[in-house]
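So you can see what is in the structure, the chains are spelled out below.
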Amino acid sequence: RRDGGAAACSYLPPSAASARLGYEDVNESGNFVLSACGTRRVAVRYAPHEALSAELAERVVEYGKLRAFETSDGRGWGLCCARRLRRGDVVVEAIGRCLSEEEYEAVDQTEYVVSFDDETLERKRAAGDDVLYIDARQQGNMMRLANDSAQPNLKLLYWPPPQRGGLPRRAFLVA
């Protein structure tokens with residue numbers, strides 16, 4: 001929510017939200033894949049052109065300013081910010097375990113899995129890109145609490161854009 005949410009509800013900072021909602025917050029360590037044996041996390045490394053532009057980097061909201069709140073209409077938990085957001089602020093990056101096509105196909109519930117749009121997925125598959133889906137079900141960050149809305153106030157931004165070269169490998173919510 002751009003306005004910070006309703007004043008009558010209780011707000012939880014990231015560490016309290018992950019403890020209460022039963023997921024591991026991996027925002028600090030970033031996206032990862034599992035090793036071949038499936039037991040060790042391997043950090044996803046990004047090329048220099050995949051870093052946010054200087055303009056967007058200046059607009060990133062401090063992660064500790066994000067809050068979880070229980071919605072009043074029964075949709076579960078939502079995401080808000082402890083400070084007023086401005087149009088163009090980068091609210092949060094999708095962080096979690098990156099899944100291959102086969103791993104994604106084995107997922108029963110995709111509620112907390114971020115995907116790229118169909119056209120981008122096809123281009124990424126053709127190029128052999130290893131970041132196709134970002135799974136925040138068990139290890140993720142506060143982005144997993146952003147709800148769909150008929151009147152959205154955040155949009156999904158894939159990064160880097162085509163003009164920076166390569167395919168997008170990151171996803172952000174932007175006000």
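Residues numbered from 1 in each chain as written. Predicted model: local features only at pLDDT ≥ 70, side-chain atom pairs only at ≥ 80, totals over all residues. Heavy atoms only, no water.

Draft legend 1. Representation of the overall build of the chain. Along the backbone of the chain there are 4 helices and 13 strands. Its C-alpha atoms give the chain a radius of gyration of 16 Å, near enough to 16 Å, the size a compact globule of 175 residues would have. Here the C-alpha coordinates of the chain stretch approximately 50 × 35 × 30 Å along the principal axes. For the chain, the residues scored as buried account for 43% of the 175 residues in total. Within the chain, contacts between residues separated by at least 24 positions form 68% of all contacts whose residues are at least 6 apart in sequence. Counting every atom, the chain has about 9,700 Å² of accessible surface; 47% of that belongs to carbon and sulfur. (Helix = DSSP H or I, 4+ residues; strand = E, 2+ residues; numbered from the N terminus. Rg over C-alpha atoms; globule rule 2.2 N^0.38 Å. Buried < 20%, exposed > 50% of the residue type's maximum accessible area, 1.4 Å probe, protein only. Contact = heavy atoms within 4.5 Å. Areas by Shrake-Rupley, 256 points an atom, 1.4 Å probe, with all protein chains shown as cover.)

Draft legend 2. The arrangement of the sheet that holds strand E7 (residues 90–93) in detail. Taken together, the 3 strands give an open sheet; going across it, the order is E7-E13-E12, and neighbouring strands pair in antiparallel fashion. Pairing within the sheet leaves two strands with one partner each, and these edge strands are E7 and strand E12 (155–159). Along the sheet, successive strands turn relative to each other by an average axial angle of 35 degrees, direction set aside. Pairing of E7 with strand E13 (residues 170–174) involves 3 bridges; the strand directions are antiparallel. Residue pairing across strands places Val92 opposite Leu173, the latter belonging to E13. (Pairing = 2+ DSSP bridges. Axes fitted to C-alpha atoms, helices over the stretch in contact; angles between N-to-C directions.)

Draft legend 3. Expanded view of the pairing of E13. Buried residues dominate E13, accounting for 5 of its 5 residues. Side chains Arg170, Phe172 and Val174 project from E13 onto one buried face, and the interleaved Ala171 and Leu173 project onto a second face that is buried too. Sheet topology places E12 next to E13; 5 bridges connect them, and they run antiparallel. Considered in E13, the bridge of Tyr158 is made with Ala171.

Draft legend 4. Looking closely at the sheet that holds strand E6 (residues 77–81). Taken in spatial order, the 3 strands make up an open sheet running E1-E5-E6, and their pairing is antiparallel. What marks the edges here is a single partner per strand, and that holds for strand E1 (11–12) and E6. Sheet analysis places strand E5 (residues 66–70) next to E6, joined by 5 bridges and oriented antiparallel. Across the sheet, the residue bridging to Leu66 is Cys81, located in E6.

Draft legend 5. Looking closely at the confidence of the model for the chain. In this model, the chain carries a mean pLDDT of 91, and residues with pLDDT of at least 70 account for 95%. Segment residues 1–8 is flagged for pLDDT under 50; beyond a separation of four residues in sequence, or across chains, it makes 18 contacts in the model. (pLDDT = per-residue confidence, 0-100.)

Draft legend 6. Inspection of the pattern of salt bridges at higher detail. All chains considered together, the criterion is met by 14 salt bridges. For Glu93, the salt bridge is made with Arg170, and the minimal N-O distance between the two is 2.9 Å. Pair noted here: Glu93 is in strand E7 and Arg170 is in strand E13, with a separation of 77 residues, a long-range link. The exposure classification of Glu93 matches that of Arg170, with both residues buried. Each of Glu50, Lys124, Asp129, Asp130 and Arg169 takes part in salt bridges that share partners, so that together they form one network. (Salt bridge = Lys/Arg side-chain N within 4 Å of Asp/Glu carboxyl O.)

Draft legend 7. Main features of unusual backbone geometry. The amide bond that connects Trp159 to the next residue, Pro160, takes the cis arrangement and shows omega of 0 degrees. As for its placement among the helices and strands, Pro160 is situated in the loop between E12 and E13.

Draft legend 8. Broad picture of helix H1 (residues 14–21). If you check which residues of H1 are buried, you get Pro14, Ala17 and Ser18. One face of H1 carries all of its buried residues, which in axial projection span an arc of 95 degrees. Along H1, the residues that are exposed and aim more than 90 degrees away from the buried face are Ser15, Ala19 and Arg20. Contact partners of the buried residues in H1: E1, strand E2 (24–25) and E5. Looking at the residues trailing H1, positive phi occurs at Gly22, about 80 degrees. (Arc of directions from axis to C-beta.)

Draft legend 9. Molecular detail of the environment of Leu21. For Leu21, the position within the fold is in helix H1. Overall, the relative accessible area of 25% leaves Leu21 in the partly exposed class. The spatial distance from the C-alpha of Leu21 to the C-alpha of Ala68 is 9.8 Å, given a sequence separation of 47 residues. Leaving out residues up to four positions away in the same chain, Leu21 has contacts with Trp77, Arg144 and Leu145.

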